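Coordinate analysis (summary)
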Amino acid sequence: MKQFAEWLSTTAPSVFIQVHEAWAIPTIQSIHIVGIGVVMGSVLMIYLRILGWAGMDQTLRQTVSRFGPWLTGSLCLLLATGLLLVIGEPVRELVTFSFWAKMLLIADMTLVATIFRISVRKHERQWEEALQNRGLTKGVAMLTFLIWVCIIILGRLIAYDHVWGSWSPATKA
């Protein structure tokens, strides 16, 4: 992976970002952070509805229909800006434990979100009934929200990946 990252750092898009690092990286990171905020806001609103703490005047399907497109759009934005960050700093990103753990959790949570949206659309009545007995549903909602928080923490730890010790091939800067 390190050889690929080193090769990628010599490509024209990577060199462009590196040459304009003073403004390119902060701009991309800022847009990425806004996307994180939209993802977390959307996820939070859906989970608050599942937990029965907000949006009780709407069905779960209405809540998912309202915030789902924001979640999908911001995940696409995060994919685009994340790809630009990897292209701009491939050696920093691609050789870290934190990056790969984050990517694994993002893939899992994107799959969970997709299945959830489809399920709510197809089985609205069953979901409303399931929300009456919130025990398991509440636990799963809290667990998945914590996983989203872990994704954010892992993203921040990419810069400090040496904290993982022997788990990470990154070296302390």
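This text follows the structure it describes.
Residues numbered from 1 in each chain as written. Predicted model: local features only at pLDDT ≥ 70, side-chain atom pairs only at ≥ 80, totals over all residues. Heavy atoms only, no water.

Considerations on the overall build of the protein
The criterion, for reference: A run of DSSP states H or I qualifies as a helix once it reaches four residues; a run of E qualifies as a strand once it reaches two. Both are numbered from the N-terminal end. Residue burial is assigned from relative accessible area. The probe radius is 1.4 Å, only protein chains are included, and a residue is buried under 20% of its type maximum, exposed over 50%, and partly exposed in between. Contact definition: two residues touch when any of their heavy atoms are within 4.5 Å. Counting rule applied: Lys, Arg positive; Asp, Glu negative; His and chain ends not counted. Where a charge sits is defined by one atom per residue type, namely NZ (Lys), CZ (Arg), CG (Asp) or CD (Glu).
Counting secondary structure elements, the protein contains 8 helices and 0 strands. For the protein, the sequential pattern of α-helices and β-strands runs α-α-α-α-α-α-α-α. Each of the 173 residues in the protein was classed as buried or not, and the buried ones make up 36%. Sequence-distant contacts, at least 24 apart, represent 77% of the contacts inside the protein between residues at least 6 apart. Placing the 14 positive and 10 negative side-chain charges of the protein at their respective mean positions leaves the two points 6 Å apart.

Description of the packing of helix α3 (residues 21–51) against helix α4 (residues 60–88)
To keep it simple, the criterion reads: Axis definition: a line fitted to C-alpha atoms, over the contacting stretch in the case of helices. Angles run 0 to 180 degrees between N-to-C directions. Note on angle classes: values under 35 degrees are labelled roughly parallel, values over 145 roughly antiparallel, values of 65 to 115 roughly perpendicular, and the remainder oblique. Left-handed describes a crossing whose near helix is turned anticlockwise from the far helix through less than a right angle; right-handed describes the clockwise counterpart. Ten residue types, Ala, Val, Leu, Ile, Met, Phe, Trp, Tyr, Cys and Pro, are classed as nonpolar, four, Asp, Glu, Lys and Arg, as charged, and the remainder, Gly among them, as polar.
Between α3 and α4, the shortest axis-to-axis distance is 8 Å and the interhelical angle comes to 160 degrees. With respect to each other, α3 and α4 are oriented roughly antiparallel. The hand of the α3/α4 crossing is left-handed. Class assignment for the residues of the contact of α3 with α4 results in 20 nonpolar, 9 polar and 1 charged.

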